[in-house]
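Below are the chains, spelled out letter by letter.
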Amino acid sequence: MKRTRRFCFLLLLVFAVLILGACDSGMALISRPVSRQVFAMDTVMNLSAYGSKAEAALEKCVNTITQLEEVFSVNIASSDISNINRNAGQAVHVSEDTMEALRTANKVSLMSDGAFDVTIYPLVSLWGFSTDIQQVPEDLEIKRRLPFVDYKKIRLNTKQQTVKIPEGFAIDLGGVAKGYTSQKLADLLELEGVTSAMLSLGGNVQLIGSKPGGDPWHVGVQHPEKANTFLGTLSLSDCAVITSGSYQRNFTENGRLYHHIINPDTGYPAGNGLLSVTIVAKDGAYADALSTACFVLGEQRALELWQERGDFEMILVNISEEVIVTSGLANIFIPDEKSSYTYTFAN
Ligand code: ADP
Ligand code: MG
């Protein structure tokens with residue numbers, strides 16, 4: 001009798017320890033995620049995180065999104081970017097975030113030989129992509145603005161934390177801001193003790209850790225011509241998966257489609273044969289800038305850059321309905337069985 005009671009007591013103790021353990025890390029295994037939806041940076045953002053720290057951490061994420069939008073937006077008069085643009089010709093003091101985003105932008109501009117260029121704003125605004133009214137501009141006007149696009153003319157003073165652009169120039173962080181933001185959110189969540197979360201900023205995905213339980217996350221690669229259809233699925237943990245595509249923001253005039261990724265050499269929407277580029281990399285800002293850069297570069301030059309760098313992987317979709325998957329993703333990409341596109345792997 002005594003032995004049975006002692007056994008029961010031990011059993012209870014084991015249960016108590018198990019339950020207590022579950023309250024912290026293990027809780028994530030059985031609980032549902034905490035989710036938040038935010039509309040910012042002209043994008044619907046879905047944040048979802050697991051564990052006992054998720055609720056409070058996501059609250060902080062929402063604040064961070066608002067703060068970064070107030071610093072980066074070309075449409076907010078008091079933002080760092082509006083300040084730089086309004087005061088072209090003078091050095092303007094900016095936040096550490098603006099410095100960091102511009103440093104990443106600069107790095108990708110150099111790597112891509114200017115295919116990525118944040119001084120693209122004179123052209124982006126001419127086409128109307130920063131507003132609700134878009135139109136095909138006069139060819140002469142496009143040509144007139146081309147000399148005002150050149151990332152090499154940006155002066156970053158790290159010590160003084162200032163930025164200076166020449167008169168007539170203007171910066172637009174649209175190609176890097178969302179990836180920078182998702183990376184900041186990932187860093188924040190980790191700092192807050194969240195070990196499992198998935199952030200989707202309008203299709204730009206940032207993964208924190210793995211799914212509760214340790215399995216990788218599944219991220220669909222959007223079909224460029226069919227809404228809510230995927231060309232395939234990637235299984236990944238702890239990285240950014242960021243897509244740029246001509247299907248994301250565009251308008252049609254006289255039967256022709258014009259999209260929002262501008263080739264800085266021509267002033268026209270990039271037309272190098274790609275429909276979309278998905279980049280997988282550790283850092284969100286880097287992946288975002290690269291997705292835009294590789295879209296402008298086109299298939300061949302994007303693949304050359306991938307081989308040269310070795311610090312990112314990608315999926316290219318071209319106008320011939322081919323999906324090119326770089327070798328680092330070969331084992332973790334599952335093509336959609338019903339897709340009519342052809343799939344090849346690049347080495
Ligand atoms: P999205 O932000 O829509 O997901 P991207 O990351 O490709 O797509 O960024 C496109 C945005 O970047 C454009 O809306 C514009 O603000 C800006 N942009 C367009 N062309 C370029 C370019 N060649 N280099 C840098 N930024 C660009
Ligand atoms: Mg981008």
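Summarised in this report is the structure supplied together with it. Just so we're clear, the structure is a prediction, and the values are computed from it rather than from any experiment. (Residues numbered from 1 in each chain as written. Chains lettered and ligands numbered in written order. Predicted model: local features only at pLDDT ≥ 70, side-chain atom pairs only at ≥ 80, totals over all residues. Heavy atoms only, no water.)

1. Details of the site of ligand 1
Then step 1. Close contacts around ligand 1 come from 18 residues, with D117, D172, S244, I262 and T292 the closest.
Then step 2. The backbone of G174 places a nitrogen or oxygen atom 3.4 Å from an oxygen atom of ligand 1.
Then step 3. The separation between an oxygen atom of ligand 1 and a polar side-chain atom of T292 is 2.9 Å.
Then step 4. Across the shell around ligand 1, the residue classes tally to eight nonpolar, six polar and four charged. (Near = heavy atom within 4 Å. Polar contact = N/O pair within 3.5 Å; in protein donor to acceptor, adjacent residues only side chain to side chain. Nonpolar A, V, L, I, M, F, W, Y, C, P; charged D, E, K, R; others polar.)

2. Overview of unusual backbone geometry
Then step 1. In the Ramachandran plot, M41 falls in the positive-phi region, its phi being about 50° despite a non-glycine side chain.
Then step 2. Accessibility expressed as a relative area gives 14% for M41, which makes it buried.
Then step 3. The phi angle at E321 is positive, at roughly 60°, despite the residue not being glycine.
Then step 4. Mapped onto the secondary structure, E321 falls in the loop between strand 14 (313–318) and strand 15 (322–326). (Buried < 20%, exposed > 50% of the residue type's maximum accessible area, 1.4 Å probe, protein only. Helix = DSSP H or I, 4+ residues; strand = E, 2+ residues; numbered from the N terminus.)

3. Thoughts on the sheet that holds strand 15
Then step 1. With mixed pairing, nine strands are arranged side by side in an open sheet as 1-2-6-7-10-13-14-15-17. At either end of the open sheet lies a strand with only one pairing partner, and these are strand 1 (34–40) and strand 17 (342–346). Along the sheet, successive strands turn relative to each other by an average axial angle of 10°, direction set aside.
Then step 2. Bridge count between strand 15 and strand 17: five bridges; the pairing is parallel. Each bridged residue has a counterpart across the sheet, and for V323 the counterpart in strand 17 is Y343.
Then step 3. Against the sheet, helix 9 (residues 299–309) makes contact with strand 13 (274–281), strand 14, strand 15 and strand 17, and its axis sits at roughly 175° relative to strand 14, the strand it touches most. (Pairing = 2+ DSSP bridges. Axes fitted to C-alpha atoms, helices over the stretch in contact; angles between N-to-C directions. Contact = heavy atoms within 4.5 Å.)

4. Points about the sheet that holds strand 9 (residues 230–236)
What holds strands together in a sheet is hydrogen bonding between their backbones, with the strands either parallel or antiparallel.
Then step 1. Ordered by their spatial adjacency, three strands build an open sheet running 8-9-16, and the pairing between neighbours is antiparallel. Looking at strand neighbours, the two that pair on one side only are strand 8 (217–222) and strand 16 (333–335), the edges of this open sheet. The sheet shows a mean angle of 25° between the axes of neighbouring strands, direction not considered.
Then step 2. Relative to strand 9, strand 8 is paired through six bridges, and the arrangement is antiparallel. Pairing of H218 across the sheet is with S235, part of strand 9.

5. Thoughts on a negative patch on the surface
Then step 1. Together, D187, E190, D238 and D283 give the surface a local cluster of negative charge.
Then step 2. Its location among the elements puts D283 in the loop between strand 13 and helix 8 (284–297). (Patch = residues over 30% accessible without salt bridge, like charges linked within 9 Å, V, L, I, M, F, W, Y side chains within 5 Å. Areas by Shrake-Rupley, 256 points an atom, 1.4 Å probe, with all protein chains shown as cover. Salt bridge = Lys/Arg side-chain N within 4 Å of Asp/Glu carboxyl O. Lys, Arg positive; Asp, Glu negative; His and termini not counted. Charge placed at Lys NZ, Arg CZ, Asp CG, Glu CD.)

6. Overview of the coordination of the magnesium ion (ligand 2)
For a metal with four tetrahedral donors the ideal donor-metal-donor angle is 109.5 degrees, while six octahedral donors give ideal angles of 90 or 180 degrees.
Then step 1. In this structure, G175 (O), D288 (O), D288 (OD) and T292 (OG1) serve as the protein donors to the magnesium ion (ligand 2), at separations of 2.1 to 2.6 Å.
Then step 2. Sequence positions of the donors to the magnesium ion (ligand 2) reduce to the motif G-x112-D-x3-T. Pair noted here: D288 and T292 are both in helix 8, with a separation of four residues, about one helical turn. We note that D288, like T292, is buried. (Donors = N, O, S within 2.8 Å, 3.2 Å for Na, K, Ca; no water.)

7. Description of the packing of aromatic side chains
Then step 1. In the structure shown here, the tally under the stated rule is eight aromatic pairs.
Then step 2. With a centroid separation of 6.3 Å and 40° between ring planes, the pair formed by Y50 and W217 is classed as tilted. Here the residue Y50 occupies a position in the loop between strand 2 (43–49) and helix 2 (54–72), and W217 occupies one in strand 8, the gap between them amounting to 167 residues. Of the two residues, Y50 and W217, both sit in the buried class. (Phe/Tyr/Trp six-rings, centres within 6.5 Å; stacked < 30°, edge-to-face > 60°.)

8. Some thoughts on the side chain of N263
Then step 1. Looking at the element boundaries, N263 is found in the loop between strand 12 (256–259) and strand 13.
Then step 2. In this structure N263 comes out as buried when scored by relative accessible area, which is 12%.
Then step 3. Within the structure, N263 has its side chain in polar contact with the backbone nitrogen of D265 (distance 2.9 Å).
Then step 4. In this structure N263 touches Y268, P269, A270 and V296, once residues within four positions along its chain are discounted.

9. Structural notes on the pairing of strand 2
Then step 1. Most of strand 2 sits inside the fold, with five of its seven residues counted as buried.
Then step 2. Direction of pairing for strand 1 relative to strand 2: antiparallel, over a ladder of seven bridges. Note on strand 2: the bridge partner recorded for F39 is V44.
Then step 3. What sits between the antiparallel neighbours strand 1 and strand 2 is a turn of two residues, in which M41 has the positive phi angle 50°.
Then step 4. Strand direction decides the pairing type here: strand 2 and strand 6 (residues 197–201), joined by five bridges, are antiparallel. Considered in strand 6, the bridge of N46 is made with S200.

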